[in-house]
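# Architecture at a glance
Listed below are the residues making up each chain.
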Amino acid sequence: MIYSLRVREEKEKINKAYEKIFKISPIGLIEVDLSEIKNFMKELLNEKLDFPSEEEFLQFFEEFMKKLRIIRMNEEVYKIFEIEDRTDAEKNRVGFIKNNLEILKENLFYISLPPLLYEREITIYTLKKNKKTLKIRAVPFPGCEEEPSHVILVIMDITEEKESIQKINRLLNQVVETLAEIVEKRDPYTAGHQKRVAKLAFFIGKEMGLSEEKLKGLYMAGLLHDIGKIAVPTDILNKPGKLDPIEFELIKKHPEVGYEILKNIEFPYPVAEIVLEHHERINGSGYPKGLKDGDILIEARILAVSDVVEAMSSHRPYRPAFPLETALREISEKKGILYDEEVVDACIKLFKEKNFRFE
């Protein structure tokens, strides 16, 4: 009896604490009771959800909402979804579903997964058809961690943050493109070289299964890998004959110069380091540091292969373009010696099996 009373008092304290949190919270909070929906959710896990028509999904979602009991939500939720109150939300539920059919279908699966603890970033359209990016986290209500029947949905509107990041990325891309153009204007024989190298590197990385973030960094580094050549005199860059040892040493400085130019730019990827290492070779014979194998960034190993293939198959002031087959044979013969084996295999596969072309 005393124990039951204490448990009840403890629950009341927790409830009052949450009431206060709901009132003062600057982010959206929804408390949901899942006790009536558990069996329904188990069916979701056992069945393949397929809704051929909009009408069928609307019917399904109506059934879903009947079993999902919202206990309370705070004012911030109304602001985020641009609704006046609970009555307004109920009245316009169908309109909201129609505006967000695909995202609701996708996330019904996630909220059906035990233990109902997840975090998702989604883009929705409000009733006023304004596009918003939300971060939603579901956490069990205290005391329901093992088999949650109560869940708190924490909803944050990160639309402005996302737009700011996108704006910064656009500006960063413009800076990268401008820097790349500076190099190409000084060296007309290699016009387009950096873009073609970046393109091939990106698809090699994709073939190898690199993450989206690594692919972005790789492409950006590809666009800038020869930026250090702005420190090389144009008469050396465009020399029609063979470079003498002193001239070649000047050319070999361009990865380090490129690194110095890029190192203080706050890229979200290791662009400066990739540029620094793109002339390193697996056996340690490359420059500027003579790094070997795994000490070389994977992005730099990819860039090394892309750079060689593009350069050999393009015209230079001191020689005509080699046939593509010659370039592929070069990297194949030096695979595991100068060039990463997996990178070479992916590159050859792109050209021979997937019909990759620079243009």
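Refer to the structure above for everything that follows.
Residues numbered from 1 in each chain as written. Predicted model: local features only at pLDDT ≥ 70, side-chain atom pairs only at ≥ 80, totals over all residues. Heavy atoms only, no water.

### Here's the deal with the nonpolar core
I204, V309 and I331 are the most contacted members of the largest nonpolar core, which totals 49 residues. At the level of secondary structure, the elements contributing two or more residues to this core comprise α8 (159-186), α9 (193-207), α10 (212-224), α14 (271-277), α15 (298-312), α16 (324-333) and α17 (341-352). When residues of this core are assigned to their parent elements, the largest contribution, eight residues, is made by α15. Contacts of I331, omitting those with residues within four sequence positions, involve V305, V308, V309, Y339, V344, C347 and I348. Grouped together as the second largest cluster of nonpolar side chains are 30 residues, F60, F64, L68 and F81 included. (Core = buried A, V, L, I, M, F, W, Y, C linked by side-chain atoms within 4.5 Å. Buried < 20%, exposed > 50% of the residue type's maximum accessible area, 1.4 Å probe, protein only. Helix = DSSP H or I, 4+ residues; strand = E, 2+ residues; numbered from the N terminus. Contact = heavy atoms within 4.5 Å.)

### Digging into unusual backbone geometry
Backbone torsion omega between Y287 and P288 reads 10 degrees, so that peptide bond is classified as cis. Along the chain, P288 turns up in the loop between α14 and α15. Its identity is not glycine, yet E82 carries a phi of approximately 60 degrees, on the positive side. Residues other than glycine seldom take positive phi values, yet N355 does so here, at roughly 55 degrees. Note on N355: relative accessible area 56%, which makes it exposed.

### Topic: α15
Note on helix geometry: an α-helix contains 3.6 residues per turn, so any two residues three or four positions apart are oriented the same way. Here α15 contains 15 residues, and its C-alpha end-to-end distance of 22 Å stays within 8% of the 21 Å for a straight helix at 1.5 Å per residue. For α15, the buried fraction is high: 15 of the 15 residues fall into the buried class. (Expected span 1.5 Å × (residues − 1).)

### Describing the side chain of R301
Assignment of secondary structure puts R301 in helix α15. Only 2.8 Å separates the side chain of R301 from the side chain of D340, close enough to count as a polar contact. Once residues lying within four places of it in the same chain are set aside, the contact partners of R301 are I282, D293, G294, I296, D340 and V343. (Polar contact = N/O pair within 3.5 Å; in protein donor to acceptor, adjacent residues only side chain to side chain.)

### Things to note about the packing of α15 against α17
Running from N to C, α15 and α17 cross one another at 45 degrees; their axes reach a closest spacing of 10 Å. Compared by their axis directions, α15 and α17 come out oblique. Crossing of α15 over α17 shows right-handed handedness. Between α15, through I298, R301, I302, V305 and V309, and α17, the contact on the second element is made entirely by V343, V344, C347 and F351. For the contact of α15 with α17, the per-class residue count stands at eight nonpolar, no polar and one charged. (Axes fitted to C-alpha atoms, helices over the stretch in contact; angles between N-to-C directions. Parallel < 35°, antiparallel > 145°, perpendicular 65-115°, else oblique. Left-handed = near helix turned anticlockwise from the far one by under 90°. Nonpolar A, V, L, I, M, F, W, Y, C, P; charged D, E, K, R; others polar.)

### Overview of the packing of α8 against α9
It is at 9 Å that the axes of α8 and α9 come closest, and there the two elements cross at 130 degrees. Taken together, α8 and α9 sit at an angle that is classed as oblique. Along its contact with α8, which presents A180, V183 and E184, the element α9 presents H193, Q194 and K195. In terms of residue class, the contact of α8 with α9 is built from two nonpolar, two polar and two charged.

### With respect to helix α13 (residues 254-262)
Listed as buried for α13 are H254, P255, G258 and L262. Here the buried residues of α13 occupy an arc of 100 degrees about the axis, which is enough to place them on one side. (Arc of directions from axis to C-beta.)

### Considering the packing of aromatic side chains
The description of two aromatic rings rests on the distance between their centres and on the angle between their planes. As enumerated under the stated definition, the model contains seven aromatic pairs in all. Ring centres of F202 and Y219 lie 6.2 Å apart, and the angle between their planes is 85 degrees; on these two criteria the pair is classed as edge-to-face. Placement of F202 in helix α9 and of Y219 in helix α10 is noted, with a sequence separation of 17 residues between them. An aromatic cluster of three or more residues is present, and its members are F202, F203, Y219, F351, F356 and F358. We note R72 situated over the ring of F22; from NZ or CZ to the ring centre the distance is 5.0 Å. (Phe/Tyr/Trp six-rings, centres within 6.5 Å; stacked < 30°, edge-to-face > 60°. Lys NZ or Arg CZ within 6 Å of the ring centre and 35° of its normal.)

### Here's the deal with the pattern of salt bridges
Taken as a whole and assessed by the stated rule, the structure comprises 19 salt bridges. Two residues, K354 and E207, come together in a salt bridge whose shortest N-O distance is 2.7 Å. Taken together, the positions of K354 in the segment after α17 and E207 in helix α9 put the pair 147 residues apart, joining distant regions of the chain. By relative accessible area, which is 48% here, K354 ends up partly exposed. With its nearest N and O atoms 3.7 Å apart, the salt bridge here joins E213 to K216. Placement of both E213 and K216 in helix α10 is noted, with a separation of three residues, approximately one turn of the helix. Sharing partners across several salt bridges, the network here consists of E207, K349 and K354. (Salt bridge = Lys/Arg side-chain N within 4 Å of Asp/Glu carboxyl O.)

### Comments concerning the environment of Y219
The partly exposed category is assigned to Y219, whose relative accessible area is 34%. As a C-alpha pair, Y219 and V197 span 22 residues in sequence and 8.6 Å in three-dimensional space. Not counting residues within four places of it along the chain, the set of residues in contact with Y219 comprises A198, K199 and F202.

### Digging into the pairing of strand β1 (residues 28-33)
Within β1, six of the six residues are buried, leaving the element largely enclosed by the surrounding structure. Of the two faces of β1, the one holding G28, I30 and V32 and the one holding L29, E31 and D33 are both buried throughout. Two elements, β1 and strand β2 (residues 69-73), share four bridges in a ladder whose sense is antiparallel. By the bridge assignment, E31 is partnered in β2 with R72. (Pairing = 2+ DSSP bridges.)

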